[in-house]
Amino acid sequence: MLKFWKKKPAPAATRPGEPAAAAPDPAPDAPVADAAAVAPLPLEEAPFETEAVPPSTPAAIDMLEQDIAAAPARRSWRERLAGSGFARGLASVFVRHPRLDDAFLDELETCLISADVGVATATEIVDDLRRRAGKREFADVAALLAALRADLLQRLAAVAQPLAIAPTRPFVILVVGVNGVGKTTTIGKLAHRLRGEGRSLLLAAGDTFRAAAVEQLQTWGRRNEVAVVAQGSGADSASVIFDALQTARSRQLDVLIADTAGRLHTQSGLMDELAKIRRVLAKLDPAAPHEVLLVLDGTTGQNALSQTRQFRDAIGVTGLVVTKLDGTAKGGIVFALAREFGLPIRYVGLGEQAQDLRVFDAAAFVDGLLPDTLGGHG
């Protein structure tokens, strides 16, 4: 990876008769500024500030110091999702109820609601199964399992739409979301994916309020060999992203990914700042941003619906990323989001490694939650 060091300032003026102090030589292991993704410019030509990253970073970004090249083999969707509350709950229902009866259907509905599918969606699913069972369409529980899988898949098929990078250069992706959802980490993983596709890109550190947010993004930039446009803490987010767009245009880069503050969706003043970013970008490109990705934490349950509604109204969300589905997330929120908004689900997070940001695959997701055989049925 190419490395650049920030040019040191000239020594301060001295009093008459005193010798000027010599500038210290840079240490061999000094922190590096951001490396350019494609055809790096000399540092003095870079039209943006390149701040050095401190040698120690918060615990939230310690994992980035692990060697991505040494990451273990990627686990399957089923391996990642098998431990979710949704998958374990469904398996338990089918194991305890070998017979197709009202008790089975009642518990299935409770399981779906508990897994954050939502009352309305769970009721629709179970009412349809109950109606079909009354018409004796299912010979046994295994047949109902197949019908349930088909229903769940049908509900997700329409929203499983991968992100398509248009030929517009640069293609501007604005990433939004509340604090703690994994927004900046998602940007780093997305940059890793796009670099792997051979695209040139630039990152904009628009989250200028959260402690260490800029350093976290710069760390991802170094790992992916992607330049990061950054200003000081507390800088105007719209200004940072505007400068980044100018830089990306001048370098003819393929993609610009802009981070934003993890603003609380209940604070209208902060939401107004997102609208300001859109207005400022429009001065250079009326179509920008071309994609607004809302990052949601899969463990927050129904609160994700409120977040989606607020961000959609504030800036016009065009795609979703649901993170942390490999941990304690119940998983059912994906179905609630599909029913409530119908927004494309671009990616899901199934792990901490850079390659664990997966393009959303409805069939693989349903199969991970509800395999075709459970508890000996099938």
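Worth saying up front: this structure is predicted, and the values here are computed from it rather than measured.

Draft legend 1. Region of the structure containing the overall build of the protein. When its secondary structure is counted, the protein shows twelve helices and eight strands. Taken across its 378 residues, the protein has 50% of its residues classed as buried. For the protein, long-range pairs separated by at least 24 residues make up 79% of all intrachain contacts whose partners lie at least 6 apart in sequence. Entry remark: accessible area of the protein is about 16,800 Å², with carbon and sulfur atoms responsible for 52%.

Draft legend 2. Here's a closer look at helix α12 (residues 362–369). Counting buried residues along α12, six of its eight residues qualify, which places the element largely inside the surrounding structure. Taken residue by residue, α12 has A362, A364, F365, V366, G368 and L369 as its buried positions. The backbone nitrogen of A363 has a side-chain oxygen 3.1 Å away, supplied by the residue at the start of α12, namely D361.

Draft legend 3. Main features of the sheet that holds strand β5 (residues 291–297). The strand order β3-β2-β4-β1-β5-β6-β7-β8 describes an open sheet built from eight strands, whose pairing is mixed. Of all the strands in the sheet, the pair left with one neighbour each is β3 (227–229) and β8 (357–359). The sheet shows a mean angle of 25° between the axes of neighbouring strands, taken without regard to direction. Strand direction decides the pairing type here: strand β7 (residues 345–349) and β8, joined by three bridges, are antiparallel. Considered in β8, the bridge of V348 is made with R358. Of the strands in this sheet, β1 (171–176), β5 and β6 (319–323) touch helix α10 (residues 303–315), which is tilted by about 160° from β5.

Reading the values: rules and limits
- Residues numbered from 1 in each chain as written.
- Predicted model: local features only at pLDDT ≥ 70, side-chain atom pairs only at ≥ 80, totals over all residues.
- Heavy atoms only, no water.
- Helix = DSSP H or I, 4+ residues; strand = E, 2+ residues; numbered from the N terminus.
- Buried < 20%, exposed > 50% of the residue type's maximum accessible area, 1.4 Å probe, protein only.
- Contact = heavy atoms within 4.5 Å.
- Areas by Shrake-Rupley, 256 points an atom, 1.4 Å probe, with all protein chains shown as cover.
- Polar contact = N/O pair within 3.5 Å; in protein donor to acceptor, adjacent residues only side chain to side chain.
- Pairing = 2+ DSSP bridges.
- Axes fitted to C-alpha atoms, helices over the stretch in contact; angles between N-to-C directions.

These results come straight from atomic positions and should not be treated as a statement about function.
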